[in-house]
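The primary structure of each chain is shown beneath.
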Amino acid sequence: LFVIASAAFAQTAPPTIAKLYDAQIKSAEGEIVSLAEAMPADKYNFAPTAGDFKTVRTFALQVRHIATVNYEVAAAAQGQECPIAQGKNENGSDDLKTKEQIVKYLKDSFAYAHKAAQMLTAQNELGMVKSPFGNGQMARVAAVSIVTWHSFDHYGQMVVYARMNNVAPPASK
């Protein structure tokens, strides 16, 4: 009985900075990947046309853009060169054409982002790294945090595109 009671009252280890940011990336990944998988392949080139939508990204480009920026900021956080071609407007390679290729690219970008989050420590989170967006520097943790807020920014646009095509986001079900 003492052993059971001791285990029940045992404190769990406090969260680490790595676990905190990795959990946030996992949350974004779950919603965004499931939406990318839910959108039919024949709707990947959809972009709204009613209203002022002349220069917006297609659904495919939204997904590719999220993935490309994930790679850019995760590479910066790890002090590495970006391992992918950023392409025009940070949309990745134009060789990414099919839904299958684009979803794989997205999943791989989140796997790479998880590596960046998992390397964060209380000692290195505020270390300065080269910004992937120009000549400046930024705190390592700031680079990792971009994965989440930037992904959700574009997720909102993707949800609108999906709903305009009668696709309910899996996170809404």
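That block above? That's the structure.
Residues numbered from 1 in each chain as written. Predicted model: local features only at pLDDT ≥ 70, side-chain atom pairs only at ≥ 80, totals over all residues. Heavy atoms only, no water.

A. Expanded view of helix α4 (residues 99-118). For α4, spanning 20 residues, the distance from its first C-alpha to its last is 29 Å, which sits close to the expected 28 Å at 1.5 Å a residue. Of all the positions in α4, only Lys-99, Ile-102, Val-103, Tyr-105, Leu-106, Ser-109, Phe-110, Tyr-112, Ala-113, His-114, Ala-116 and Ala-117 are classed as buried. Those residues of α4 that are buried lie in contact with α2 (17-38), α3 (59-77) and α5 (140-164). (Helix = DSSP H or I, 4+ residues; strand = E, 2+ residues; numbered from the N terminus. Expected span 1.5 Å × (residues − 1). Buried < 20%, exposed > 50% of the residue type's maximum accessible area, 1.4 Å probe, protein only. Contact = heavy atoms within 4.5 Å.)

B. Quick peek at the packing of aromatic side chains. By the definition in use, this model includes five aromatic pairs. Ring geometry for Phe-46 and Tyr-161: centres 5.8 Å apart, planes at 85 degrees, overall edge-to-face. Here Phe-46, found in the loop between α2 and α3, pairs with Tyr-161, found in helix α5; they are 115 residues apart in sequence, far enough to count as distant. Classification of Tyr-161 as buried rests on a relative accessible area of 4%. An aromatic cluster is built from Tyr-71, Tyr-105 and Tyr-112, whose rings are joined through pairwise contacts. (Phe/Tyr/Trp six-rings, centres within 6.5 Å; stacked < 30°, edge-to-face > 60°.)

C. Structural view of unusual backbone geometry. A positive phi angle, near 55 degrees, is found at Glu-90, a position not held by glycine. Inspection of the secondary structure puts Glu-90 in the loop between α3 and α4. Judged by its relative accessible area of 24%, Glu-90 is partly exposed. Non-glycine residue Asn-166 carries a positive phi angle of around 60 degrees. With respect to the helices and strands, the residue Asn-166 is situated in the segment after α5.

D. Here's a closer look at the packing of α4 against α5. α5 packs onto α4 with a crossing angle of 140 degrees between their chain directions and a minimal axis gap of 8 Å. One element, α4, and the other, α5, form an angle in the oblique class. Residues Phe-110, Ala-113, Ala-116 and Ala-117 of α4 touch α5, and the partners they reach there are Val-144, Val-147 and Ser-151. The class makeup of the residues in the contact of α4 with α5 is six nonpolar, one polar and no charged. (Axes fitted to C-alpha atoms, helices over the stretch in contact; angles between N-to-C directions. Parallel < 35°, antiparallel > 145°, perpendicular 65-115°, else oblique. Nonpolar A, V, L, I, M, F, W, Y, C, P; charged D, E, K, R; others polar.)

E. Representation of the packing of α3 against α5. For the pair α3 and α5, the least separation of the axes is 8 Å and the interaxial angle reads 175 degrees. The angle between α3 and α5 falls in the class roughly antiparallel. Taking contact as the criterion, the partners of Phe-59, Gln-62, Val-63, His-65, Ile-66, Val-69, Asn-70, Val-73 and Ala-77 in α3 are, on α5, Arg-140, Ala-143, Val-144, Ile-146, Val-147, His-150, Ser-151, His-154, Tyr-155, Gln-157, Met-158 and Tyr-161. Broken down by class, the residue content of the contact of α3 with α5 amounts to 13 nonpolar, seven polar and one charged.

F. Broad picture of α5. Here α5 spans 38 Å end to end across 25 residues, near enough to the 36 Å set by a 1.5 Å rise per residue. Along α5, the sharpest kink reaches roughly 30 degrees, centred on Ile-146. The first or second residue beyond α5 is Asn-166, which carries a positive phi of 60 degrees. (Bend = angle between axes of the 7 residues up to and from the residue.)

G. Looking closely at the nonpolar core. Ile-32, Tyr-44, Phe-59, Leu-106, Phe-110 and Val-144 are the most contacted members of the largest nonpolar core, which has 47 residues in total. Sorting the residues of this core by element identifies α2, α3, α4, β2 (137-139) and α5 as the ones contributing at least two each. A total of 11 residues in this core trace back to one element, the largest contributor, which is α3. Apart from residues no more than four positions distant in its own chain, Phe-110 is found in contact with Ile-25, Ala-28, Glu-29, Ile-32, Val-33, Ile-66, Asn-70, Val-147 and Ser-151. (Core = buried A, V, L, I, M, F, W, Y, C linked by side-chain atoms within 4.5 Å.)

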